[in-house]
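Summary of structural features
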2 protein chains.
Amino acid sequence: MKKLINDVSNVLSESLSGFVSAHADILILGDEQKFVRRKFLKPGKVALLSGGGSGHEPLHAGFVGHGMLDAACPGQVFTSPTPDQMIAASEAVDTGAGILFIVKNYEGDVMNFDMAREMSDRAIETVITDDDVAVENSLYTTGRRGVAGTLVVEKVVGAAAEQGAALGVLKALGDKVNRATRSMGVALTSCTVPAAGKPTFAIGDTEMEVGVGIHGEPGRRRVALERADVIVEEMVAAIAGDLGQKGDALLFINGFGGTPAMELYLMYNAAEKQLAKHGIRSKRALVGNYVTSLDMAGCSITVTLLDDEIVKGWDSPVHTPALRWAL
Amino acid sequence: MKKLINDVSNVLSESLSGFVSAHADILILGDEQKFVRRKFLKPGKVALLSGGGSGHEPLHAGFVGHGMLDAACPGQVFTSPTPDQMIAASEAVDTGAGILFIVKNYEGDVMNFDMAREMSDRAIETVITDDDVAVENSLYTTGRRGVAGTLVVEKVVGAAAEQGAALGVLKALGDKVNRATRSMGVALTSCTVPAAGKPTFAIGDTEMEVGVGIHGEPGRRRVALERADVIVEEMVAAIAGDLGQKGDALLFINGFGGTPAMELYLMYNAAEKQLAKHGIRSKRALVGNYVTSLDMAGCSITVTLLDDEIVKGWDSPVHTPALRWAL
């Protein structure tokens, strides 16, 4: 294992310290590093709270700030955060308008966020994301996995929360964005969890894993590496077929951590053309490493069908470590 | 070689097509893909033009837009762009106030930008960046190499150009920012150039290259992989020793493409502490993959000593594909 670390047991802690120090204008680290929260809360605004296993950076802590999340709870690498983290974060960021949990569909995450909600006496709703069309059930998952589309849910719901939408409205909007969103991934290499010290899965020098999960979970099939156009054709067909609608879309090419920008933009080029064949036009774009799997090479394609409400939320100002733009 | 590509001869072309399509709100691709330019020019503003070999994305084309570059000329991977590219770009973006070339110190780049300047009858000045303290001369380089500090020069000079500074003033500012900036890198793996199809250099499973260049050029020494704190101590000592001054600084941890955010923030944490021992306080931070070497694992540390003019330029609004913020 070749990593820039000191001690495997301190990787998350040291990384969080650096993260919050680098973004001290926006963020505060909670006691015992239980959560990362916005420095400045907005009274009367519904608080958005997410979290999950670490190793997917910048998801979720990189999306804390104006226009997205109020707090994120980082678990150990590929391990759910514990309910006491979500409770501590809830107490820190609830200003009285209630809390929306945004949770990727993995059994550990769903269970721990549910437990936190049950233990709390605050008004809490939950949006579960499950945008990955690759497989139905999976390791760690009953039903579809929540992957890169979670970013889109957090962005669009975050914008509405900033503008004062009520808890029930935000819950419905989050569910709607999730339903409008589909993703699928492909891996060329495995990731390596620091504490494990070796690759999560073995893969040959000329193979790829089609439909891989963001923890290196198996996808649909292990096949010989193909040309980008062929890979994209299969991924886009799965996504478009599952969406079952034509229209304008956000096309999001998400790097898993080990694939350079040059390849991600090449994949964007291929995906945009393939989507057009299915009657889906890319009207908004995002390309980069946003929902990663440590150092895994590969990427996912996410498509969100746009309506006026979703476009407005996507385009709204955002000021977080990893997504930042103004009108 | 495992890459998401179609044909090695089309990687750059397809990637540029995707890049400009994804950022069509900001950018236009020049004829024959000779350059990427701003969609909207600002009459009377000095034009900033950079470029270099591809494979370092988002540098340089990712920094074209309001507050940074007016155009960037992409060469083939790790190969200088040709003078006709710079001439075509100059003609496209010069609005009469002259052009500033920002060029990383590699023999091919310097020669080709010089040739373009000589062949042009426009008012052109050149800033050469040479921030890498690792080695004096190198493969491809007489004198020090220009690396990640180039981003800082482009950002600060870009802000001043946006505010109407004249060509001579911008040239002097660029030279000043370069003099205030030092970098050093470390690689854990090699990069793989698509056309070569194999790693640029061989490195053992437990080795690192201290002082590596952004094309995988040799650095100071090949040694056993160490703890992050030990690596950072050596890099920061080299940077701080060469700067020879205390003060406030921008601390920029730049990923080479294959190293995840979790490790980059851990390196930020370590570097901030080490800098403090040398009397340098991190007052501005940038962490991420900005000046990459394809899929190389590793990172560089860049430190720019701040004065009021440099802070003002750094903090000014910017709207490019890879750096985007408002006041």
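Residues numbered from 1 in each chain as written. Chains lettered and ligands numbered in written order. Predicted model: local features only at pLDDT ≥ 70, side-chain atom pairs only at ≥ 80, totals over all residues. Heavy atoms only, no water.

Structural notes on the relation of the copies chain B and chain A
Threshold: Fitting of the copies onto one another was done by least squares over C-alpha atoms, counting residues only where both copies have pLDDT of at least 70. By definition in these notes, contact holds between two residues if any of their heavy atoms fall within 4.5 Å.
Each copy superposes on the other: chain B lies on chain A with an RMSD of 0.0 Å after a rotation of 180° and an axial shift of 0.0 Å. Both copies are brought into coincidence by an operation consistent with a two-fold rotation axis. Among all residues of chain B, the minimum C-alpha distance to the rotation axis is found for glycine 258 of chain B, at 2.2 Å. The overlap is high: 100% of the interface residues of chain B also sit at the interface in chain A, so the same surface is used on both sides.

What about the environment of glycine 185 of chain A?
Residues and elements named next belong to chain A. What counts, and what does not: Each helix is a run of DSSP H or I of at least 4 residues and each strand a run of E of at least 2, with the numbering of both proceeding from the N terminus. Relative accessibility thresholds used throughout: buried, under 20% of the residue-type maximum; exposed, over 50%; partly exposed, between the two (1.4 Å probe, protein chains only).
Among the structural elements, glycine 185 can be located in strand β7 (residues 181-187). You can call glycine 185 buried: its relative accessible area is 2%. Once the C-alpha coordinates of glycine 185 and alanine 134 are considered, the two residues, 51 residues apart in sequence, prove to be 7.7 Å apart.

Here we look at helix α7 (residues 261-277) of chain B
Residue and element names in this part refer to chain B. The line we're drawing: For a helix, the expected span equals 1.5 Å multiplied by the number of residues minus one.
Its 17 residues give α7 an end-to-end C-alpha distance of 25 Å, which sits within 8% of 24 Å, the value for a rise of 1.5 Å per residue. Here α7 lies mainly inside the structure; 12 of its 17 residues are buried. When α7 is considered as a whole, its buried residues turn out to be Met262, Glu263, Leu264, Tyr265, Leu266, Met267, Tyr268, Asn269, Ala270, Ala271, Gln274 and Leu275.

Regarding the domain arrangement of chain A
Residues and elements named next belong to chain A. How we decide: Each domain's limits were defined by an automated method or a database of domain assignments. Note on terms: buried area is the combined drop in 1.4 Å-probe accessible area of two parts once they are placed together, counting the loss on both. Between Lys or Arg on one side and Asp or Glu on the other, a salt bridge is scored when a side-chain nitrogen of the former is within 4 Å of a carboxyl oxygen of the latter. Distance and chemistry together define a polar contact, namely a pair of N or O atoms within 3.5 Å, with one atom able to donate a hydrogen and the other to accept it when in protein, and with adjacent residues in sequence counting only for side-chain atoms on both sides. Classification used: nonpolar for Ala, Val, Leu, Ile, Met, Phe, Trp, Tyr, Cys and Pro, charged for Asp, Glu, Lys and Arg, polar for all others including Gly.
Partitioning chain A into structural domains gives domain 1 (11-180) and domain 2 (181-306). The partner domain 2 presents 35 residues to the 31 residues of domain 1 that form the contact. Buried surface at the junction of domain 1 and domain 2, summed over both partners, amounts to about 2500 Å²; 64% is from carbon and sulfur atoms. Applying the counting rule to domain 1 against domain 2 returns 1 salt bridge. For the salt bridge of aspartate 242 with arginine 144, the shortest nitrogen-to-oxygen distance reads 2.7 Å. Our count for the domain 1 to domain 2 interface comes out at 18 residue pairs in polar contact (both at pLDDT 80 or more). Class assignment of the residues belonging to the side of domain 1 that touches domain 2 gives a composition of 18 nonpolar, 6 polar and 7 charged.

Some words on the interface of chain B and chain A
How big an interface is tends to be stated in terms of the accessible area lost upon association of its parts. Of the residues lining the interface, 56 residues belong to chain B; the matching set on chain A comes to 56 residues. Summed over both partners, the interface of chain B with chain A comes to about 4500 Å²; 61% of that surface belongs to carbon and sulfur atoms. By the criterion of area lost to chain A, the three top residues of chain B are Lys2, Leu4 and Met262 of chain B, representing 22% of everything that side buries. In this assembly, chain B and chain A are joined by 2 salt bridges. For the salt bridge of glutamate 263 of chain B with lysine 3 of chain A, the shortest nitrogen-to-oxygen distance reads 3.8 Å. Our count for the chain B to chain A interface comes out at 20 residue pairs in polar contact (both at pLDDT 80 or more). Of all the secondary structure elements, the ones that give two or more residues to the side of chain B that touches chain A are α1 (11-22), α6 (228-243), α7, β11 (280-288), β12 (298-305) and β14 (324-325) of chain B. Here the residues of the side of chain B that touches chain A sort into 27 nonpolar, 16 polar and 13 charged.

Some details on the sheet that holds strand β3 (residues 47-54) of chain A
All names here are of chain A. What counts is decided by this rule: For two strands to be treated as a pair, DSSP must find at least two bridges joining them. Between N-to-C directions, angles cover 0 to 180 degrees, with each direction set by a line fitted to C-alpha atoms, over the stretch in contact for helices.
Across the sheet, which stays open at both edges, the 6 strands sit in the order β1-β2-β4-β3-β5-β6 with mixed pairing between neighbours. The sheet is open, and its two borders are formed by β1 (27-29) and β6 (124-129), each paired with just one other strand. Neighbour-to-neighbour, the strand axes of this sheet turn through a mean angle of 20°, independent of strand direction. Alignment of β1 against strand β2 (residues 36-38), held across 3 bridges, turns out to be antiparallel.

Looking at unusual backbone geometry
Here glutamate 57 of chain A and proline 58 of chain A are connected by a cis peptide whose omega angle stands at 10°. Within the secondary structure, proline 58 of chain A is located in the loop between β3 and β4 (71-77). Between leucine 59 of chain A and histidine 60 of chain A the backbone carries a cis peptide bond, its omega angle lying at -10°. Assignment of secondary structure puts histidine 60 of chain A in the loop between β3 and β4. A positive phi angle, close to 55°, is found at glutamine 33 of chain A, a residue other than glycine. Checked against the element boundaries, glutamine 33 of chain A lands in the loop between β1 and β2. Here the phi dihedral of phenylalanine 78 of chain B falls at roughly 55°; this positive angle occurs in a residue that is not glycine.

Description of the pattern of salt bridges
Overall, the coordinates contain 42 salt bridges over all chains when judged by the stated rule. The network of salt bridges with common partners includes Arg38, Lys42, Lys45, Asp70 and Glu162 of chain A.

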